[in-house]
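Spelled out from the first residue to the last, the chains are:
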Amino acid sequence: MASQMEFDLTERILLHLESCEEVDTLHLAQQFGIEHQKIVGAMKSIQAHGELLKAEALTHKSLQLTDEGQSVALHGSHEAIIYAAVPDEGGIAQADLLASGGCNAKLGFSKAMSQGWLWLDKSVQPPLIRRRVANIVDHVQEQLLQLQLAGGEAQLSAPDVTDYKKRKLLQELSIKSFRLSKGPEFATTLTKLETDLTMDMLATGQWQQLKFKAYNFDALGASPMRGQLHPLLKVRTEFRQIFLEMGFSEMATNNYVEASFWNFDALFQPQQHPARDAHDTFFIKQPAQCGELPEDYVRRVQTVHSVGGYGSLGYGYEWQLAEAQKNLLRTHTTAVSARILFQLANRAGGFKPAKYFSIDKVFRNETLDATHLAEFHQVEGVIADVGLTLGDLIGTLHEFFCKLGITRLEFKPAYNPYTEPSMEIFCYHPGLAKWIEVGNSGVFRPELLLPMGLPKDVNVIAWGLSLERPTMIKYGINNIRDLVGPKVDLKMVEDGPICRLDHV
Ligand code: FB9
């Protein structure tokens, strides 16, 4: 919508045209004391209302003095300055004359000589430059001054214009303007342009008396509001793609609430382990107890914890069913891996090798800081097959991280209650140019696998990492609260580039 000031200007232009046959927009700008661009804008706004005026495009060529040209107009031409530097009696050595004549002395000297203002007296030693005429007229300065006073419209001969442009005293400007005259629909006021054709206009036939704003097919479309995937979900997609192309199947992780049995006991994590304390784990009050557990399997787990078995001494404590039945928010997706491995061990048709992965939320009652919240997404890979070794785990980790653009891995012995051996995984991150911890891994213990009923020659290797850490590194986010939570800037989500984990 045009502003009031723009309406005033359009009306002023129309009123001006009423009293004259035609007018150049440049002259209007001078007359109104308004920038020429504003006059052209008002002209275009009038044109949008119909054929109130005709506008013929004009190109004005005008000459404008350069900085050098302004200096010559003020101080005289280079040749006049050289002439003035020669004493009117006697003479001056050429080298001394050029040294005194400033940065354009050479040009000024050659022009003064070609004008016949000076001559070289060789009858003396050293030869001297002398004046040939007693007075000169500095036409260059005169013409540039005239041009300056005439606002670029003065008449100069073509050879002079060419010479002065070559000497960079002048530059040629071309200014586009419009010759305005009354159009077939001329009026001194603008009728409001309708922007919508309504049912009412059609029904009453009123549309025939109205003027409609022309469609602007060059206008850019409004960028539609659209959804945008959160960076975490983009990174999750990348990880999911990597697992799928490595032949892994995704585990069903749609249960945040888990029984302590699957989250800890099935994983051979003893009931007095500190991680099972309310300081580290969120227990559920309602319902506090889990549903049915597989009775025979529970008994085997109880035995392996309390008195051992399968070659293990166990932990030698009195295992409590009630403790295993406590509901909690799962602290790792390895709880889901335990359920899946139990199903694999007891599937109709018997065990078959398998590769599983999961990427989902886990919850820990931990101290919060810039990189840790009470919940995060765990990424986990699990492979079950006959005769798997630590070497298979290391090879699989190299393949997995290579797809993330990481080629330098190092492993450090670690401890997990459910894997032996266990390894912390470190990588040299080219983007950060330093070694960083990228996860944990290990070979599931027999005390975990055999009570499930898996064949004795089957081993299971697994590893885990988080989704938030790689995402924060990828998107250059230092505080996890800028990535997830109520304070996230949705602009970060909207502007976040696509995720290419294999590109640093
Ligand atoms: O993700 C982690 N770091 C990481 C991962 C990827 C990355 O960028 C990719 C290269 C492109 C950058 C960093 N970590 C594990 C290491 C640290 O961030 C650590 O401080 C935080 N850890 C979490 C747990 O902390 C409470 C990350 C999370 C983690 C740790 C271990 C496991 C899963 C997640 C596991 C496991 C496991 C072990 C054996 C068998 C099955 C699962």
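Residues numbered from 1 in each chain as written. Predicted model: local features only at pLDDT ≥ 70, side-chain atom pairs only at ≥ 80, totals over all residues. Heavy atoms only, no water.

Colleague: In this structure, what is going on with the overall build of the protein? I would like to understand it.
Modeller: When helices and strands are counted, the protein shows 19 helices and 16 strands. The C-alpha radius of gyration computed for the protein amounts to 44 Å, which surpasses the reference 23 Å derived for 504 residues by more than 25%, pointing to a less compact arrangement than a globule. With respect to the principal axes defined by its C-alpha atoms, the protein has extents near 125 × 95 × 40 Å. When the 504 residues of the protein are sorted by exposure, 42% land in the buried category. For the protein, restricting intrachain contacts to residue pairs at least 6 apart in sequence, the fraction spanning at least 24 positions comes to 69%. Only carbon and sulfur atoms are counted for the fraction: they give 54% of the accessible area of the protein, which is about 27700 Å². Here the protein holds 49 positive side-chain charges and 60 negative ones, and the gap between their average locations is 3 Å. (Helix = DSSP H or I, 4+ residues; strand = E, 2+ residues; numbered from the N terminus. Rg over C-alpha atoms; globule rule 2.2 N^0.38 Å. Buried < 20%, exposed > 50% of the residue type's maximum accessible area, 1.4 Å probe, protein only. Contact = heavy atoms within 4.5 Å. Areas by Shrake-Rupley, 256 points an atom, 1.4 Å probe, with all protein chains shown as cover. Lys, Arg positive; Asp, Glu negative; His and termini not counted. Charge placed at Lys NZ, Arg CZ, Asp CG, Glu CD.)

Colleague: Could you clarify how one ought to interpret the domain arrangement of the protein in this entry?
Modeller: Bring the parts together and some accessible area is lost; that lost area is often taken as the interface size. By the assigned domains, the protein splits into domain 1 (2-62 + 173-208), domain 2 (67-170) and domain 3 (232-495). Each of domain 1 and domain 3 has a C-alpha centre, and these two points are 72 Å apart. (Domains from an automatic or database assignment.)

Colleague: Can you help me understand a negative patch on the surface in this one?
Modeller: A surface patch of like charges, here negative, comprises D277, D280, E366 and D369. Position of D280 relative to the elements: it lies in the loop between helix 12 (260-263) and helix 13 (295-306). (Patch = residues over 30% accessible without salt bridge, like charges linked within 9 Å, V, L, I, M, F, W, Y side chains within 5 Å. Salt bridge = Lys/Arg side-chain N within 4 Å of Asp/Glu carboxyl O.)

Colleague: I'm lost on the nonpolar core in this one. Help?
Modeller: Soluble globular proteins tend to pack their nonpolar side chains together in the buried interior. In this structure, F239, L397, F400, F401, L404 and W463 are the most contacted members of the largest nonpolar core, which totals 40 residues. Elements supplying a minimum of two residues to this core: helix 11 (231-245), strand 11 (354-363), strand 12 (375-386), helix 16 (390-402), strand 14 (419-429), strand 15 (434-444), strand 16 (458-466) and helix 19 (490-495). Of all the elements, helix 11 adds the most residues to this core, at 5 residues. (Core = buried A, V, L, I, M, F, W, Y, C linked by side-chain atoms within 4.5 Å.)

Colleague: What's the story with unusual backbone geometry in this structure? I'm lost.
Modeller: Generally, phi is negative for residues other than glycine and the peptide bonds are trans, each holding for most cases. The omega angle of the peptide bond from Q125 to P126 is -5 degrees, so this bond is cis rather than trans. With respect to the secondary-structure elements, P126 resides in the loop between strand 3 (118-121) and strand 4 (128-131). With omega at 0 degrees, the peptide bond leading from Q286 into P287 counts as cis. With respect to the secondary-structure elements, P287 resides in the loop between helix 12 and helix 13. Non-glycine residue F268 carries a positive phi angle of around 60 degrees. Following the sequence through the fold, F268 ends up in the loop between helix 12 and helix 13. For F268, a relative accessible area of 2% puts it in the buried group. Phi is positive for A433, close to 55 degrees, though the residue is something other than glycine. Along the polypeptide, A433 turns up in the loop between strand 14 and strand 15.

Colleague: Where do I start with the pairing of strand 15 in this structure?
Modeller: Each regular strand shows side chains that alternate between the opposite faces of the sheet. Of the strand pairs in this sheet, strand 14 and strand 15 are connected by 9 bridges, and their pairing is antiparallel. Residue M423 lies in a different strand from strand 15, and its bridge partner there is S441. Counted along the chain from strand 14 to the antiparallel partner strand 15, the turn is 4 residues long, and its residue A433 has a positive phi close to 55 degrees. Here 4 bridges tie strand 15 to strand 16, and the two strands are oriented antiparallel to one another. Counterpart to N440 in the pairing with strand 16 is G464. (Pairing = 2+ DSSP bridges.)

Colleague: Explain helix 16 to me, please; I cannot follow it from the model alone.
Modeller: The α-helix advances 3.6 residues per turn, and as a result positions three or four apart in sequence lie on the same side. Over its 13 residues, helix 16 extends 18 Å from the first C-alpha to the last, a length consistent with the 18 Å expected when each residue adds 1.5 Å. Buried within helix 16 we find L393, T396, L397, F400 and F401. Axial view of helix 16: buried residues confined to an arc of 125 degrees, hence all on one face. For helix 16, the elements touching its buried residues are helix 11, strand 12, strand 13 (409-416), strand 14, strand 15 and strand 16. Two or three places before G391, at the start of helix 16, stands the capping residue T389, its side-chain oxygen 3.1 Å from that residue's backbone nitrogen. (Expected span 1.5 Å × (residues − 1). Arc of directions from axis to C-beta. Polar contact = N/O pair within 3.5 Å; in protein donor to acceptor, adjacent residues only side chain to side chain.)

Colleague: For this particular structure, what's the right way to read the site of the ligand?
Modeller: Near the ligand there are 25 residues, and of these R364, E437, L465, S466 and R469 occur at the shortest range. Contact distances for the ligand include 2.7 Å between an oxygen atom and a backbone N or O atom of S466. Its free accessible area being 860 Å², the ligand has 88% of it covered by the protein chains. Among the elements that line the shell around the ligand, the one with the most residues is strand 15, at 7 residues. Class assignment for the residues of the shell around the ligand results in 9 nonpolar, 11 polar and 5 charged. (Near = heavy atom within 4 Å. Nonpolar A, V, L, I, M, F, W, Y, C, P; charged D, E, K, R; others polar.)

Colleague: In this structure, what is going on with the side chain of T281? I would like to understand it.
Modeller: Relative to the elements of secondary structure, T281 occurs in the loop between helix 12 and helix 13. Assessed through its relative accessible area of 2%, T281 is described here as buried. Polar contacts involving the side chain of T281 include one to the main-chain carbonyl oxygen of A275, which spans 2.6 Å. For T281, the contacting residues outside a window of four places in its chain are F264, A275, R276, L328, T331 and N365.

Colleague: Please clarify how the sheet that holds strand 2 (residues 53-65) should be interpreted in this entry.
Modeller: The strands making up a sheet associate through backbone hydrogen bonding, with each pair oriented either parallel or antiparallel. Here 3 strands make up an open sheet; going across it, the order is 1-5-2 and the pairing antiparallel. Pairing within the sheet leaves two strands with one partner each, and these edge strands are strand 1 (22-24) and strand 2. Within the sheet, the average angular offset between the axes of one strand and its neighbour, ignoring direction, is 25 degrees. Relative to strand 5 (residues 170-182), strand 2 is paired through 13 bridges, and the arrangement is antiparallel. In the strand pairing of strand 5, L53 is matched with K182. Set on the sheet, helix 8 (residues 139-149) makes contact with strand 2 and strand 5; between it and strand 2 the angle comes to about 150 degrees. (Axes fitted to C-alpha atoms, helices over the stretch in contact; angles between N-to-C directions.)

Colleague: Would you explain the sheet that holds strand 16 in this entry?
Modeller: With mixed pairing, 7 strands are arranged side by side in an open sheet as 8-11-12-16-15-14-13. The strands lining the two open edges of the sheet, one partner per strand, are strand 8 (249-250) and strand 13. Together, strand 8, strand 11, strand 12 and strand 16 form the strand contacts of helix 11, whose direction differs from that of strand 11 by roughly 165 degrees. Against the sheet, helix 15 (residues 334-345) engages strand 11, strand 12, strand 15 and strand 16, with an angle of about 25 degrees to strand 12.

Colleague: I would appreciate a short explanation of the state of the cysteines in the present structure.
Modeller: Note: disulfide means a covalent bond formed between the sulfur atoms of two cysteine side chains. Taken as a whole, this structure holds 0 disulfides when the rule is applied. In this structure C427 is not part of a disulfide, and its nearest cysteine sulfur, from C402, lies 12 Å away. For C427, a relative accessible area of 0% puts it in the buried group. (Disulfide = S-S within 2.5 Å.)

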